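# Summary of structural features
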Amino acid sequence: LALAAGELVRVAGLVVGLQAAVVHDLVNIVVELVLRHKVVLAHGLADDFLTTFILAFDGPVLVAPAMNTVMYRQQVTQDNLARLKSYGYEIVSPASGQLACGDIGEGKLADLETLLFHLEKSVTAQTLAGFRLVVTAGPTVAPIDPVRFVTNHSSGKMGFSIAHEAALRGAEVTLVAGRVQRPTPVGVSRVDVATTAEMLAAIEALMPKSDGLIMAAAPADYTPAEYHEEKIKKAGDELVLAFRKNP
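About the thresholds
Residues numbered from 1 in each chain as written. Predicted model: local features only at pLDDT ≥ 70, side-chain atom pairs only at ≥ 80, totals over all residues. Heavy atoms only, no water. Helix = DSSP H or I, 4+ residues; strand = E, 2+ residues; numbered from the N terminus. Contact = heavy atoms within 4.5 Å. Pairing = 2+ DSSP bridges. Axes fitted to C-alpha atoms, helices over the stretch in contact; angles between N-to-C directions. Phe/Tyr/Trp six-rings, centres within 6.5 Å; stacked < 30°, edge-to-face > 60°. Lys NZ or Arg CZ within 6 Å of the ring centre and 35° of its normal. Core = buried A, V, L, I, M, F, W, Y, C linked by side-chain atoms within 4.5 Å. Buried < 20%, exposed > 50% of the residue type's maximum accessible area, 1.4 Å probe, protein only. Patch = residues over 30% accessible without salt bridge, like charges linked within 9 Å, V, L, I, M, F, W, Y side chains within 5 Å. Areas by Shrake-Rupley, 256 points an atom, 1.4 Å probe, with all protein chains shown as cover. Salt bridge = Lys/Arg side-chain N within 4 Å of Asp/Glu carboxyl O. Polar contact = N/O pair within 3.5 Å; in protein donor to acceptor, adjacent residues only side chain to side chain. Arc of directions from axis to C-beta.

### Topic: the overall build of the protein chain
When you go through the protein chain residue by residue, the secondary structure sums to eight helices and 13 strands. Across the protein chain, contacts joining residues at least 24 apart in sequence account for 63% of those joining residues at least 6 apart.

Following this line, the structure appears as structure tokens:
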């Protein structure tokens, strides 16, 4: 549906190339071209090359369904997916958006970044499985008035990378992010904050139900002692501000 035969071969080649650098066992991504393949797999049948290859393969298999929203939500479809999951297949849930048939809804093939994340996770030791982790990243801001603030040049790259790696290893990760323009890593929940006080409040709210905390953010140590409700008017050659320490 979402991939032509040539694209399927390209993705399969990418999968093989990745696994060769990581493990000796082949890892497969199965992209459903027709709904029939899922039904056949769920019942252990092998009547074409794809299903025969999968049933003859003893290793992790990822199934990425893609179809019309109504087809996907049918109980029989969900039953077949549940059966495949019970057999050890990993189901990569479809995305939402405009479908090949023109409808809008759930059923789009998961994007390449998501597929690659699940692929890499399938060959990564799940050393953090069951672990709930909070990671902080990026800078916070210290507002002066409605248009000015003090911050730093932290990119958030370290915290985002840690969150990604922890998710690959099976952790349930919540990323508390300061003001950065970075996409949320696949498999990670995100809480956006602006000030140091907001970051502290988010951490305190998350920690009672978490197992660990990695603080990779660069929160502002000081904040203006007084916040001006209106923009400070330009007057004179100097502007002197008093700061107080953040909690």
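### Some thoughts on the sheet that holds strand β11 (residues 212–215)
One open sheet holds the four strands; their spatial order is β10-β9-β6-β11, and the pairing between them is parallel. Two strands lie at the open edges of the sheet, namely β10 (188–192) and β11, each paired on one side alone. The sheet shows a mean angle of 20° between the axes of neighbouring strands, direction not considered. Both strand β6 (residues 132–137) and β11 contribute to a ladder of four bridges, which runs parallel. Bridged to T136 within β11 is M215.

### Looking at the packing of aromatic side chains
Counted according to the given criterion, the structure contains zero aromatic pairs. R179 extends its terminal NZ or CZ atom over the ring of F149, reaching a point 5.0 Å from the ring centre.

### Concerning the nonpolar core
Within the largest apolar cluster, 16 residues are counted, with the highest numbers of intra-cluster contacts made by V135, F160, A163, V173, L175 and V188. Of all the secondary structure elements, the ones that give two or more residues to this core are β6, α7 (157–168) and β9 (172–177). Ignoring any residue separated from it by four or fewer positions in sequence, one finds V188 in contact with A163, A167, V173 and L175. Counting 12 residues, the second-largest nonpolar core is a separate cluster that includes A42, I54, V63 and L81.

### With respect to the environment of V188
Positionally, V188 belongs in strand β10. Judged by its relative accessible area of 11%, V188 is buried. Sequence separation of V188 and A166 is 22 residues, and the distance between their C-alpha atoms is 9.1 Å.

### Digging into a nonpolar patch on the surface
On the surface, a nonpolar cluster with roughly 270 Å² of combined accessible area is contributed by V150, Y222 and F243. Here F243 lies in strand β13 (residues 243–245).

### What to know about the pattern of salt bridges
On inspection of all chains with the given rule, the structure shows five salt bridges. Of the charged contacts in the structure, one is a salt bridge between R73 and E106, with a shortest N-O distance of 3.7 Å. You can see R73 sitting in helix α4 (residues 69–73) and its partner E106 sitting in strand β5 (residues 104–108), a full 33 residues away along the chain. R148 is paired through a salt bridge with D145; the nearest N and O atoms lie 2.6 Å apart. Judged by relative accessible area, R148 falls into the partly exposed class, the value being 30%.

### Quick notes on the side chain of S210
By the secondary structure assignment, S210 is in the loop between α8 (196–206) and β11. By relative accessible area, which is 18% here, S210 ends up buried. Side-chain polar atoms of S210 contact the backbone oxygen of L206, separated by 2.8 Å.

### So, α8
Regarding α8, the residues found buried are T196, M199, A202, I203 and L206. Buried residues of α8, viewed axially, fall in a sector of 125°; they line one side. Of the exposed residues in α8, those oriented more than 90 degrees away from the buried face are E204 and A205. Looking at the buried positions of α8, the neighbouring elements they touch are β6, β9, β10 and β11.

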